[in-house]
Amino acid sequence: MWHVDEVAQAVNGVVFRIEHENFSGISTDSRTIANRELFIPISGVTFDGHKFIADAYDRSHGGTLCEKGRDDVLKTAQGTIILVDDTLKALLDIAHYKRRQIQGTFITITGSNGKTTTKEILAAIIGRERKVHFNKKNYNNLIGVSKSILAIEGSPDYLIFELGTNNRGEIRQLTQVTEPDISLITNINPSHLEGLDDLGGVLEEKLDLFRYTKGGGHILINVDDPSLFPSYRDDEGHVSHTFGMDHDADFQLIINEDLGWNGYDFTIKFHDDFIRVKTNLLGRHNLLNILSASSIAFLVGISKEQIKNTIEAFNPYAMRFNPIMAKKGYTVVDDSYNANPSSVKWAINTLSNLPCSGKRIAVLGDMKELGEKTAYYHEELGKFLKHSNIDNVMLIGEEVKGILKELNNGRGKFFHDKASLIDYAKHHVTGGDVVLIKGSRAAKMEEIVEALI
């Protein structure tokens, strides 16, 4: 329950009119707003939430925030109205206000790859015995994280948030809102370069998670990352911990046996302690995700047994390197959730090392949000594929033409539409083949997955 005066204080707003003093909750969606909820109309480059204030009131009969100067809206708006300078900032402010009322331990995770899987594994480990709240799916931007905080019910022991960004300053804002007690950066790789310019821009943006973690809080540093570790090995304001697979670290994962399609047998070293674990997740990148989650879990006092049992029971999520046996006897590896240069290379390396009695095939779509480096990274991927053991590469999109240009060895085939690619694949993929399907979210590569299984 929110009182109008409490809301006005949290968002530094001015009460323009009062119809109701109390609100049952807060919503940013006029389509799903509930009775007596307060509406926050978010505005962006291509949309203006103020246009839906009337619709929100018709459903909620509550109230709304409204940016100052919007006389066009105030003439007809009904219900309680609180004026603010910027509604997005107000959403962040009210989320921060609520965060400060909560006593649980806040944990935040960011990085170019693996943050969602790390968050899900960590939530599963801690959630076996403790009350946990975490942002669902990948609701990791300014709006999603704020809504996730506002959705907190009761008194969770641990609150886990993945933080995403595609523009400078967003990690800083999200870290200031969540005020984490513990934070971890999975890795630094080229992603969202349209807003972050280059790898140095990605690094600086992600490092804001460490910079704005609460004083005296814990930060976990990936010693294997060539950009991250040298940039942040000394930090007197926080308690630093290291994790990695290739170098000595406070938390280290050592592979005992690669089990092929059955995953891995490995050992995790926790300072002077250790556990031996098996996982059915595929790929070294997922081992790093497991290590990241396990390191935090151990740090907050979760038992080794609970960590081991949860990891061994954890199954891959849809669209994240998830193998599916097709009706015709070949395997489709659904990795269609998203793609950037490093995640595609990791997927290709994993495919290259998995047992295969037939052909290894990669179906790839465009990698988006790479800015001026778009052509460069697609061509680099083509060179990488040229020296791999992938038998056939099927390409769809505009930017993937750069892959074809460099591959240029008869293994690559370009398609103008999904229908022709799917038709070709159905006639050329046979029993024993393994087909990796990957591309950026905008490419909707899951449609190809659905057609081939």
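Residues numbered from 1 in each chain as written. Predicted model: local features only at pLDDT ≥ 70, side-chain atom pairs only at ≥ 80, totals over all residues. Heavy atoms only, no water.

Undergrad: Sorry, what's going on with the pairing of strand β13 (residues 239-244) here?
TA: Looking down a regular strand, the side chains alternate between one sheet face and the other. Pairing analysis gives five bridges linking strand β12 (residues 218-222) to β13, with the strands arranged parallel. Across the sheet, the residue bridging to I221 is T242, located in β13. The pairing of β13 with strand β14 (residues 251-258) spans two bridges and is classified as parallel. In the sheet register, G244 faces β14, and the bridge partner there is Q252. (Pairing = 2+ DSSP bridges. Helix = DSSP H or I, 4+ residues; strand = E, 2+ residues; numbered from the N terminus.)

Undergrad: It is not clear to me how the sheet that holds β13 should be interpreted in this structure. Could you clarify?
TA: What links the strands of a sheet is backbone hydrogen bonding, and the strands pair in either a parallel or an antiparallel sense. If you trace the nine strands from one edge of the open sheet to the other, you get β9-β10-β8-β11-β12-β13-β14-β15-β16, paired in mixed fashion. Two strands in the sheet have a free side with no partner beyond their single neighbour: β9 (132-134) and β16 (273-279). Averaged over neighbouring strand pairs, the angle between their axes works out to 20° when direction is ignored. Judged from the seven bridges that link them, β14 and strand β15 (residues 264-270) form a sheet pairing that is antiparallel. (Axes fitted to C-alpha atoms, helices over the stretch in contact; angles between N-to-C directions.)

Undergrad: In this structure, what is going on with the nonpolar core? I would like to understand it.
TA: It is characteristic of soluble globular proteins that their nonpolar side chains tend to be buried jointly. Residues F161, L228, L364 and L385 are the most contacted members of the largest nonpolar core, which totals 51 residues. No other element matches the five residues that helix α9 (residues 199-211) contributes to this core. Setting aside residues no more than four positions away along its own chain, F161 makes contact with F106, I107, T108, I109, H133, N135, V145, S148, I149, I152 and T178. Listed in part, the 36 residues of the second largest apolar core include F251, F270, L288 and L291. (Core = buried A, V, L, I, M, F, W, Y, C linked by side-chain atoms within 4.5 Å. Buried < 20%, exposed > 50% of the residue type's maximum accessible area, 1.4 Å probe, protein only. Contact = heavy atoms within 4.5 Å.)

Undergrad: What's the story with helix α7 (residues 170-178) in this structure? I'm lost.
TA: Every α-helix carries 3.6 residues per turn, so stepping three or four residues along brings you back to the same face. Those residues of α7 that sit buried are E170, I171, L174, T175, V177 and T178. For α7, the buried positions fall inside an angular range of 160° around the axis, keeping them on one side. Here the buried face of α7 lies against α4 (87-99), β8 (105-110), α6 (142-150), β10 (158-162) and α9. (Arc of directions from axis to C-beta.)

Undergrad: What is the right way to look at unusual backbone geometry in this model?
TA: What you tend to see is this: most non-glycine residues have negative phi, and most peptide bonds are trans. Not every positive phi belongs to a glycine, and R36 is a case in point at roughly 65°. Within the secondary structure, R36 sits in the loop between β4 (25-27) and β5 (37-39). What makes R36 partly exposed here is its relative accessible area of 30%. The backbone phi angle of M319 is positive, close to 75°, even though this residue is not glycine. One can find M319 in the loop between α12 (304-313) and β17 (322-325).

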